[in-house]
Amino acid sequence: MGTNHVGRLYSVALALVVFFLAWAVVAARPWSTSAADPRLKVLAAREAQLRREAQLVNRVVAHRWTAYRAALHARQAEIATAKARSSQRAASYAVAPSAGVRIVTLPPLTITRTS
Amino acid sequence: MERRTFRAMGTEIELLVEAEGADDALDAAEREFHRLESLLSRFRDDSELSQLNRDGSIDAGPDLLRVVELALAARERTGGRFDPTVHDAVVAAGYDRTFESVPADGADAGAPVPAGGGVRIDGNRIELEAGVRIDLGGIGKGYAAERAAEPLATAGPCLVNAGGDIATRGGSWPVGVATGDGTLTLELFGSALATSGRDRRTWQRGGRALHHLIDPSTGASAASDVIRITVVAADAVDAEVLATSLFLAGMDDAATEANAAGVPAVIVGADGRTLLAGGLA
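Residues numbered from 1 in each chain as written. Chains lettered and ligands numbered in written order. Predicted model: local features only at pLDDT ≥ 70, side-chain atom pairs only at ≥ 80, totals over all residues. Heavy atoms only, no water.

*Asks:* What's the story with the overall build of chain B in this structure? I'm lost.
*Replies:* Tallying secondary structure elements over chain B gives seven helices and 17 strands in all. What you see for chain B is a C-alpha radius of gyration of 18 Å, in line with the 19 Å of a compact globule of 281 residues. Along the first, second and third principal axes, the C-alpha set of chain B runs to 50 × 45 × 35 Å. For chain B, the residues scored as buried account for 58% of the 281 residues in total. Put simply, 60% of the contacts in chain B that link residues at least 6 apart link residues at least 24 apart. Roughly 10,600 Å² of accessible area belongs to chain B as shown, and the carbon and sulfur atoms make up 46% of that amount. Each charge class in chain B can be summarised by its mean position, and for the 26 positive and 44 negative side chains these summaries are 3 Å apart. (Helix = DSSP H or I, 4+ residues; strand = E, 2+ residues; numbered from the N terminus. Rg over C-alpha atoms; globule rule 2.2 N^0.38 Å. Buried < 20%, exposed > 50% of the residue type's maximum accessible area, 1.4 Å probe, protein only. Contact = heavy atoms within 4.5 Å. Areas by Shrake-Rupley, 256 points an atom, 1.4 Å probe, with all protein chains shown as cover. Lys, Arg positive; Asp, Glu negative; His and termini not counted. Charge placed at Lys NZ, Arg CZ, Asp CG, Glu CD.)

Given below as structure tokens:
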């Protein structure tokens, strides 16, 4: 008696499928841990350090820039105040009526001196 | 021309009046000086000013009230260069009694006391902020010169010279002003004049030369390169305030400010230079 040729065909097909699946699994090798390239590790660590330093530098620069702008505004305000005060003084001096005085060659009747 | 001299307010006072037989007017002018000294002197324990400095407040008479008002207005106008609250600073520097009694030399001066203290006026009540005391020495002389000129002017054109602070009424008055290398004469007509400087009221403390013109911002004798400055203004109070303010500015800034404001000034520097400003040049 012979085997069913259809059954044989299915068996062969199944065997082929199983074979290729096994091959794929073996090729993937999920059980093996590949040893990382140490240079990659160093590079990654370096990149992380540089990112941290860059953030730190940016924070320091931002802080200094804020402080500088505040100092600049304060100084500009001081200068503006001093200028305004000087103008106010000059203006207030000029409010008084102009004083009558001239230089002469007459002998003085009295003298002024530091009191 | 009649002339009278006497001492008041720690200096020599000179009265000139173009009239004869002006004794009454001269007496009245002299009395005015003594009256105002009794009110405004910080060296008299019974003066209104001393009472104010002691108690921190006072219901002031019209003269003290007016002089304090003028002094505070001057502080405002000069941006603080003129400040009546320099009392403690000038005392700390060594000028704690009439100048004739101040020792020419002595141990180190006290620490500088910056001015700028608060003074409040409400009606005729003057109140000082805690720890604030005021000195009306400079402005007081100018005020007294103007007040004394009033009774004197009833006799004729006159000039009142209160230790260099000069008020006039009528006439024209040639006044000698010392420069760096001599004297020049300014003729005043309808104006007043004052001289501020560090060449007279000076003394030594701890080897340092000090003088009575205090820089209110530091509380120490002003470090100005000006020896002496003479300013002409409409009245002796204004002239005194301007002279003090411009002295503190220093030579070149004083000339610039005087020129900008048209304030006639003779500025004598420590280097012997003399600058004429405010239209005098």
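*Asks:* Help me understand the pairing of strand β6 (residues 158-162) of chain B in this model?
*Replies:* It is a general feature of regular strands that their side chains alternate between the two faces of the sheet. Residues and elements named next belong to chain B. Counted residue by residue, β6 has five buried out of five residues, so it is predominantly covered. Residues C158, V160 and A162 line one face of β6 and the alternating positions L159 and N161 line the opposite face, and both faces are buried. Taken together, the five bridges between strand β2 (residues 11-17) and β6 define a ladder with antiparallel strand orientation. Opposite E14, over in β6, you have N161 as the bridge partner. In this structure, β6 lies alongside strand β7 (residues 165-169), joined through five bridges in antiparallel fashion. Bridge pairing in β7 links V160 to A167. What sits between β6 and β7 in their antiparallel hairpin is a turn of two residues, with G163 showing a positive phi close to 60 degrees. (Pairing = 2+ DSSP bridges.)

*Asks:* What exactly am I supposed to notice about the packing of helix α1 (residues 23-40) of chain B against helix α5 (residues 137-153) of chain B here?
*Replies:* A packed helix pair is summarised by two numbers, namely the angle formed by the two axes and the spacing between the axes. Residues and elements named next belong to chain B. Relative orientation of the contacting elements α1 and α5 amounts to 150 degrees, with a least axis distance of 8 Å. Regarding the angle of α1 to α5, the classification is roughly antiparallel. Relative to α5, α1 is oriented so that their crossing is right-handed. Contacts between α1 and α5 involve A25, L26, A28, A29, E32, F33, L36 and L40 from the former and G140, Y143, A144, A145, R147, A148, P151 and L152 from the latter. Looking at side-chain class alone, the contact of α1 with α5 contains 13 nonpolar, one polar and two charged residues. (Axes fitted to C-alpha atoms, helices over the stretch in contact; angles between N-to-C directions. Parallel < 35°, antiparallel > 145°, perpendicular 65-115°, else oblique. Left-handed = near helix turned anticlockwise from the far one by under 90°. Nonpolar A, V, L, I, M, F, W, Y, C, P; charged D, E, K, R; others polar.)

*Asks:* Would you mind going over the pattern of salt bridges with me for this structure?
*Replies:* Between side chains of opposite charge, a pair can form as their charged atoms come close. Residue and element names in this part refer to chain B. Evaluated as defined, the whole model comprises 23 salt bridges over all chains. The partner of D83 in a salt bridge is R75, and the shortest N-O contact between them spans 3.2 Å. Each member of the pair, D83 as well as R75, is classed as buried. Ionic pairing is found between R169 and E146, a salt bridge with its closest N-O pair at 2.9 Å. In this pair, R169 is assigned in strand β7 and E146 in helix α5, connecting sequence segments 23 residues apart. On the basis of relative accessible area, E146 is assigned to the buried category, the value being 8%. Linked through salt bridges whose partners overlap, the residues forming this network are D59, R120, R125 and E127. (Salt bridge = Lys/Arg side-chain N within 4 Å of Asp/Glu carboxyl O.)

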